[in-house]
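Geometric and topological summary
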Amino acid sequence: MFKSPTDDIIKPMDTRFTGDESNWARLEAELDAWLSGGRIASFWWRDDDAVAPGPKLDQLIETTKSTGLLLAVIPKRLQSTLVSSLSQAAHVHVAQHGYAHINHAPRGQGLGAWELGLHRGIDAVIADLDVGHTCLEKHFQSQFLPVVVPPWNRIAPELMQAIAARGYIGVSAFGPRSTVSPAPGLMITNAHCDPIKWKPKPHFRGSGKVIAQLVEHLEARRNGTVDADEATGFLTHHIDLDAAAWEFCARLVTLINHHDAAQWRSPEDLFAA
Ligand SMILES: [Zn+2]
């Protein structure tokens, strides 16, 4: 088809692009505020529901090379091929994503899904965690960090003492932590931003909403309304990331890597503190 010489010049204004840029500018402005205050905004990255290797896991490993990654693996569903695919990725640490990612809470009561609740008794929960712990430690050895990532980000506070007594060093759920250490030797570091909207089916929330989550936590840290020392956690589920979400991830990595007041922290560093 004949191409008009103006095709490349006159284009309707792409408002999505404009909006996207203003969202990124909002995050940069917040980081600039950290810079003016002489402070460093720490970030970290967690990814949930890993069980097997695949192209999306490869993309995640590649994308997080400069950030560090805590990969929450479901012990009961672990495929042994995941072990070899992570063995060359020294920046990836494995955490324990519950045991089987099964809901044990009664349905229809508005409780949400719980694997690590008290609905089946604490002994049954701890027995499951023990089996999962042994499995992940055996397979991933020093790449395994004894950190519990509760499925659906829900864990009964009554479990904390028992978890600490079993040698776990951390728990990671979602939202600003209300306490740093709920039991001796156990540290909480949560995630605060989830780029996926889950219903009706998983898709990228859009840069405006995702950046709003990040900025909300950063502002609250800066203003002292939440624990300023808790690194802002970016939580992905690599299986459910679409192209727009991957694009967002790549740009977030670049922005944080290049801003003087921003820094990624490795999970090893975070939970060993
Ligand atoms: Zn999960």
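Residues numbered from 1 in each chain as written. Predicted model: local features only at pLDDT ≥ 70, side-chain atom pairs only at ≥ 80, totals over all residues. Heavy atoms only, no water.

So, the side chain of His238
To keep things clear, this is the line we draw: Put simply, DSSP marks the helices as runs of H or I at least four residues long and the strands as runs of E at least two long, and each gets a number from the N terminus on. Only heavy atoms matter for contacts: two residues are in contact if any of them lie within 4.5 Å across the pair.
In this structure, His238 sits in the loop between β9 (232-236) and α7 (243-258). Setting aside residues no more than four positions away along its own chain, His238 makes contact with Asp47, Asp48, Ala50, Lys56, Leu57, Leu60, Leu71 and Trp246.

A short note on the pairing of strand β3 (residues 92-96)
Both faces of the sheet carry side chains from a regular strand, because those side chains alternate between them. Put simply, the test is: When accessible area is computed with a 1.4 Å probe and restricted to protein chains, residues below 20% of their type maximum are described as buried, those above 50% as exposed, and intermediate ones as partly exposed. Two strands are said to pair when DSSP picks up at least two bridges between them. Here is how to tell: hold the view so the strands point away, follow the path from the first strand over the helix to the second, and if it runs clockwise the crossover is right-handed.
Within β3, five of the five residues are buried, leaving the element largely enclosed by the surrounding structure. Residues Val92, Val94 and Gln96 of β3 are buried on one face, and the alternating residues His93 and Ala95, pointing to the opposite face, are buried as well. Of the pairings in the sheet, the one linking strand β2 (residues 69-73) to β3 comprises five bridges and is parallel in character. Bridging from a neighbouring strand, Leu71 pairs with Val94 of β3. Note on the crossover from β2 through helix α3 (residues 81-86) to β3: the handedness is right-handed. In this sheet, strand β4 (residues 144-148) lies alongside β3 in parallel orientation, the contact comprising two bridges.

Topic: helix α4 (residues 122-140)
To be explicit about the condition: Helix span, as expected, comes to 1.5 Å for every residue beyond the first.
Here α4 is 19 residues long and its end C-alpha atoms lie 27 Å apart, about the 27 Å a rise of 1.5 Å per residue gives. Restricting attention to buried positions, one finds in α4 the residues Val125, Ile126, Asp128, Leu129, Gly132, His133, Cys135, Leu136 and Phe140. Where α4 is buried, its residues meet β2, α3, β3, β4 and α5 (160-165). One or two steps after α4, the chain reaches Gln141, where phi turns positive at roughly 45°.

Let's talk about the coordination of the zinc ion
For clarity, the cut-off: Donor selection uses N, O and S atoms within 2.8 Å of the metal (3.2 Å for Na, K and Ca). Since no water is included, sites may look incomplete.
For the zinc ion, the full set of protein donor atoms is Asp49 (OD), His97 (NE2) and His101 (NE2), at a range of 2.0 to 2.1 Å. Within one chain, the residues donating to the zinc ion are spaced in sequence as D-x47-H-x3-H. Separated by 48 residues along the polypeptide, Asp49 in strand β1 (residues 41-50) and His97 in the loop between β3 and α4 bring together distant segments of the chain. For His97, a relative accessible area of 1% translates into the label buried.

Quick notes on the confidence of the model for the protein chain
Under the convention used in this document: pLDDT is a residue-level measure of predictor confidence that goes from 0 to 100.
Predicted confidence across the protein chain gives a mean pLDDT of 93, with 93% of residues reaching 70 or more. Every residue in residues 1-12 scores below 50 in pLDDT, and together they form one contact with partners more than four places removed in sequence or on other chains.

Considering the side chain of Asp128
Filter applied, for reference: Under this definition, polar contacts are N or O atom pairs within 3.5 Å; protein pairs additionally need one hydrogen-donor-capable and one acceptor-capable atom, and for neighbouring residues in sequence, both atoms have to be side-chain atoms.
Residue position: Asp128 is located in helix α4. Look at Asp128 and you get buried, because its relative accessible area is 18%. One polar contact links Asp128 to Arg120, side chain to side chain, over a distance of 2.8 Å. Once you skip the residues sitting within four places of it in the chain, Asp128 turns out to touch Tyr99 and Arg120.

Considering the packing of aromatic side chains
Convention followed: Whether two aromatic rings pair depends on their centres lying within 6.5 Å, for rings of Phe, Tyr and Trp, where Trp uses its six-membered ring; planes under 30 degrees apart make the pair stacked, over 60 edge-to-face, and the rest tilted. Two limits define a charge over a ring: the Lys NZ or Arg CZ must be within 6 Å of the ring centre, and within 35 degrees of the ring normal.
If you walk through the whole model with that rule in mind, you get seven aromatic pairs. Judged by centre distance (6.2 Å) and plane angle (35°), the ring pair of Phe234 and Phe248 falls under tilted. In this pair, Phe234 is assigned in strand β9 and Phe248 in helix α7, connecting sequence segments 14 residues apart. According to the relative accessible area criterion, Phe248 is buried, its value standing at 3%. Connected via pairs of aromatic rings, a cluster forms that spans Trp24, Phe43, Trp45, Phe204, Phe234, Phe248 and Trp264. Here the basic side chain of Arg39 rests over the ring of Trp34, its NZ or CZ set 4.9 Å away from the ring centre.

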